[in-house]
Amino acid sequence: MTDARRTLAEQIAGEITLSDDPGATLRKWRTDFDVSQTALADHLEVSSSVISDYESGRRENPGIGVVRRTVTALLDIDQQRGGDRIRQYARVLSAGFDSTIVNDLREYPTTVPLSQLYESIDATEIASGAKDEITGHTVIDSIEAITRLSSEEFYRLYGQSTSRALVFTNVTRGESPLVAIRVVNPTPNAVVLHGLDADNLWEHASKLAQLDGFSLAVTDCDKEAMVDAMRDLAV
């Protein structure tokens, strides 16, 4: 937990400090930790308007001291709540991937029907698969994966995801992730393409899913709401 916390703290601080819009990046991490402006302000012993001013850019960009205190506060609040976000990051690290590529990785305490997953994230099934249950999920940023992973890393990420749902974000048509999955054995039980509807799906997507035997679904719900809904399945 300590190593994961330290690594996560360095990543958050680095992203905020190097961002072209530090306030927006700070807001992104605060919402990712599900911490309200009021809760963060209380922990830092400042008014919530101070947090709002930094996030909106009304205040001068936060210095390293403010960034350090803010990151520490987010991690402290998470640990006080049970350390769920830090543990999640530790799981991503143990899988050997950066959290900008693997946004979320969960194991479920029991198998979950695909119909329950799809209902929780407002997904539409395009093609049915050989299995109708999953034991966990992996949320992958498709653009980050395509631009940063080697072919060996692709294989390791996809290949270790059997019995799971692979959820791809930053998708335009779904062609790239579905073609990449073709070289992986075994295949996941389900693939969800986020950010598009059935009308914008690659015309060969359904056929590839049927050939490889996995369920294929699409959803255009809010990304944060989607991830939160899937995390609830792991509780």
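Relevant structure appears above.
Quick summary incoming for the structure in this document. (Residues numbered from 1 in each chain as written. Predicted model: local features only at pLDDT ≥ 70, side-chain atom pairs only at ≥ 80, totals over all residues. Heavy atoms only, no water.)

A few points about the layout of surface pockets
Gaps between atoms show up when a probe of the same size as a water molecule is rolled over them. Of the voids in this model, the largest pocket is the one considered here, and its volume is about 910 Å³. Around the largest pocket, the lining is made up of 31 residues, and of these Asp32, Arg85, Asn103, Val227 and Arg231 lie nearest the centre. Listing elements by their share of the lining of the largest pocket, those giving two or more residues are helix 1 (2-18), helix 2 (22-32), helix 6 (84-94), strand 1 (102-113) and helix 12 (223-233). With six residues, the top contributor of residues to the lining of the largest pocket is helix 12. A class-by-class count of the residues in the lining of the largest pocket yields five nonpolar, seven polar and 19 charged. (1 Å grid on protein atoms, 1.4 Å probe; cavity = no way out; pocket = protein on both sides within 12 Å on 5 of 7 lines; lining within 4 Å. Points joined across faces, edges and corners; volume = space filled by probe spheres on them. Helix = DSSP H or I, 4+ residues; strand = E, 2+ residues; numbered from the N terminus. Nonpolar A, V, L, I, M, F, W, Y, C, P; charged D, E, K, R; others polar.)

Some words on the sheet that holds strand 3 (residues 133-141)
Pairing is mixed in the open sheet, where six strands are placed in the order 1-3-4-5-6-2. Two strands close off the open sheet at either side, each with one partner strand: strand 1 and strand 2 (124-127). Each strand of the sheet is rotated relative to its neighbour by a mean of 20°, with strand direction disregarded. Where strand 5 (residues 190-194) meets strand 6 (residues 215-219), five bridges bridge the pair, whose relative direction is parallel. When the sheet's bridge partners are listed, Val191 is paired in strand 6 with Leu216. On top of the sheet, helix 11 (residues 205-212) reaches strand 2 and strand 6; it is set at about 70° to strand 2, its chief contact. (Pairing = 2+ DSSP bridges. Axes fitted to C-alpha atoms, helices over the stretch in contact; angles between N-to-C directions. Contact = heavy atoms within 4.5 Å.)

Regarding the pattern of salt bridges
Within the structure shown, the criterion is met by 13 salt bridges. With a shortest N-O distance of 3.8 Å, Asp53 and Arg59 are connected by a salt bridge. Asp53 gets classed as buried once you look at its relative accessible area, which sits at 17%. Across the pair Arg173 and Glu175 runs a salt bridge, and its minimum N-O distance is 3.3 Å. (Salt bridge = Lys/Arg side-chain N within 4 Å of Asp/Glu carboxyl O. Buried < 20%, exposed > 50% of the residue type's maximum accessible area, 1.4 Å probe, protein only.)

Quick word on the packing of aromatic side chains
A complete count under the given rule lists one aromatic pair for this structure. Here the basic side chain of Arg59 rests over the ring of Tyr54, its NZ or CZ set 5.6 Å away from the ring centre. (Phe/Tyr/Trp six-rings, centres within 6.5 Å; stacked < 30°, edge-to-face > 60°. Lys NZ or Arg CZ within 6 Å of the ring centre and 35° of its normal.)

Some thoughts on the packing of helix 3 (residues 37-44) against helix 4 (residues 48-56)
Where helix 3 meets helix 4, the closest approach of the two axes is 8 Å, and the angle between their N-to-C directions is 115°. By the angle class used here, helix 3 and helix 4 are roughly perpendicular. Both helix 3 and helix 4 take part in a crossing whose hand is right-handed. Along the contact surface, helix 3 presents Gln37, Thr38, Leu40, Ala41 and Leu44, while helix 4 presents Ser48, Ile51, Ser52 and Glu55. Residue classes in the contact of helix 3 with helix 4 are distributed as four nonpolar, four polar and one charged. (Parallel < 35°, antiparallel > 145°, perpendicular 65-115°, else oblique. Left-handed = near helix turned anticlockwise from the far one by under 90°.)

Quick look at a negative patch on the surface
A cluster of acidic side chains, namely Asp122, Asp197, Asp199 and Asp220, defines a negative patch on the protein surface. On the secondary structure map, Asp197 appears in the loop between strand 5 and helix 11. Relative accessible area serves as the criterion here: at 31%, Asp197 is assigned to the partly exposed category. (Patch = residues over 30% accessible without salt bridge, like charges linked within 9 Å, V, L, I, M, F, W, Y side chains within 5 Å. Areas by Shrake-Rupley, 256 points an atom, 1.4 Å probe, with all protein chains shown as cover. Lys, Arg positive; Asp, Glu negative; His and termini not counted. Charge placed at Lys NZ, Arg CZ, Asp CG, Glu CD.)

As for unusual backbone geometry
Positive phi outside glycine occurs at Asp34, with the angle close to 60°. For Asp34, a relative accessible area of 59% gives the class exposed.

Observations regarding the environment of Glu144
Residue placement: Glu144 occurs in helix 8 (residues 142-148). For Glu144, a relative accessible area of 25% gives the class partly exposed. Considering only alpha carbons, one finds Glu144 and Glu45, 99 residues apart in sequence, at a separation of 37 Å. Excluding residues within four positions of it along the chain, Glu144 makes contact with Thr100, Ile101 and Leu149.

Focus on the nonpolar core
Within the largest apolar cluster, 27 residues are counted, with the highest numbers of intra-cluster contacts made by Phe168, Leu178, Val191, Leu193 and Leu216. Counting residues in each nonpolar core, the second largest holds 22 residues, with Trp29, Val67, Val71 and Ile77 among its members. (Core = buried A, V, L, I, M, F, W, Y, C linked by side-chain atoms within 4.5 Å.)

Examining the packing of helix 2 against helix 4
In the contact formed by helix 2 and helix 4, the axes pass within 6 Å of each other and the chain directions differ by 120°. Classified by the angle their axes make, helix 2 and helix 4 are oblique. Of helix 4, the residues touching helix 2 (which contributes Gly23, Ala24, Leu26, Arg27 and Arg30) are Tyr54, Glu55 and Ser56. Each residue belonging to the contact of helix 2 with helix 4 can be placed in one class, and the counts come to three nonpolar, two polar and three charged.

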